[in-house]
Amino acid sequence: VDEFVNKIADDTVLPLKLYTSSLLGGGTNVKVTFTKDMSKAADDFEKAQKVLVKATKKKDKTASSKALEDLSEALQSYRVAGRLTGADA
């Protein structure tokens, strides 16, 4: 659990934000209208990850479960907004 909370989930926050940022930059003239939703989902993921860290330190099963649900929902929202819902390669 500790590895997931402090390594895997924590290491996911930056790539989510960097990918969204790369869609806005990169010198392309492509209008990407869904990045606002992706940014919000990335922020929601980050908030849920911080809650999960605190909940696991306190060994609060209810709060940990809720934070995991929030992580899952935020990641799914990110994928849907970014049209990243196909099979993982």
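Residues numbered from 1 in each chain as written. Predicted model: local features only at pLDDT ≥ 70, side-chain atom pairs only at ≥ 80, totals over all residues. Heavy atoms only, no water.

K.L.:
Explain helix H3 (residues 61–81) here, please?
P.N.:
Because the α-helix completes a turn every 3.6 residues, residues three or four places apart line up on one side. Given a rise of 1.5 Å per residue, 21 residues ought to cover 30 Å, and the 30 Å separating the end C-alpha atoms of H3 matches this to within 8%. Structurally, H3 contributes buried residues whose contacts are with helix H1 (2–24) and helix H2 (35–57). Two to three positions downstream of the cap, the backbone nitrogen of Thr62 sits 3.1 Å from a side-chain oxygen, assigning the N-cap of H3 to Asp60. Following H3 by one or two positions, Arg83 adopts a phi angle in the positive range, close to 55 degrees. (Helix = DSSP H or I, 4+ residues; strand = E, 2+ residues; numbered from the N terminus. Expected span 1.5 Å × (residues − 1). Contact = heavy atoms within 4.5 Å. Polar contact = N/O pair within 3.5 Å; in protein donor to acceptor, adjacent residues only side chain to side chain.)

K.L.:
Looking at this structure, I do not really get the environment of Gln49. What am I missing?
P.N.:
Within the secondary structure layout, Gln49 lies in helix H2. The sequence separation of Gln49 and Leu71 amounts to 22 residues, and the corresponding C-alpha distance is 6.7 Å. Setting aside its immediate chain neighbours within four residues, Gln49 contacts Val5, Ala9, Asp10 and Leu71. At a separation of 2.8 Å, a polar atom in the side chain of Gln49 contacts the main-chain carbonyl oxygen of Val5.

K.L.:
Would you mind showing me how to read the packing of H2 against H3 here?
P.N.:
Describing two packed helices takes the angle between their axes plus the distance from one axis to the other. Remark: H2 packs on H3, axes separated minimally by 8 Å, with the N-to-C direction vectors making an angle of 165 degrees. Taken as axis vectors, H2 and H3 run roughly antiparallel relative to one another. Seen along the crossing, H2 lies across H3 with a hand that is left-handed. Contacts between H2 and H3 pair Asp37, Met38, Ala41, Ala42, Asp44, Phe45, Ala48, Gln49, Val51, Leu52, Ala55 and Thr56 from the former with Ala63, Ser64, Ala67, Leu68, Asp70, Leu71, Ala74, Leu75, Ser77, Tyr78 and Ala81 from the latter. Split into classes, the residues belonging to the contact of H2 with H3 amount to 16 nonpolar, 4 polar and 3 charged. (Axes fitted to C-alpha atoms, helices over the stretch in contact; angles between N-to-C directions. Parallel < 35°, antiparallel > 145°, perpendicular 65-115°, else oblique. Left-handed = near helix turned anticlockwise from the far one by under 90°. Nonpolar A, V, L, I, M, F, W, Y, C, P; charged D, E, K, R; others polar.)

K.L.:
I would appreciate a short explanation of the nonpolar core in the present structure.
P.N.:
Within soluble globular proteins, side chains that are nonpolar generally end up buried alongside one another. Within the largest apolar cluster, 18 residues are counted, with the highest numbers of intra-cluster contacts made by Leu16, Met38, Phe45, Leu52, Leu71 and Tyr78. For this core, the secondary-structure elements that each account for two or more residues are H1, H2 and H3. (Core = buried A, V, L, I, M, F, W, Y, C linked by side-chain atoms within 4.5 Å. Buried < 20%, exposed > 50% of the residue type's maximum accessible area, 1.4 Å probe, protein only.)

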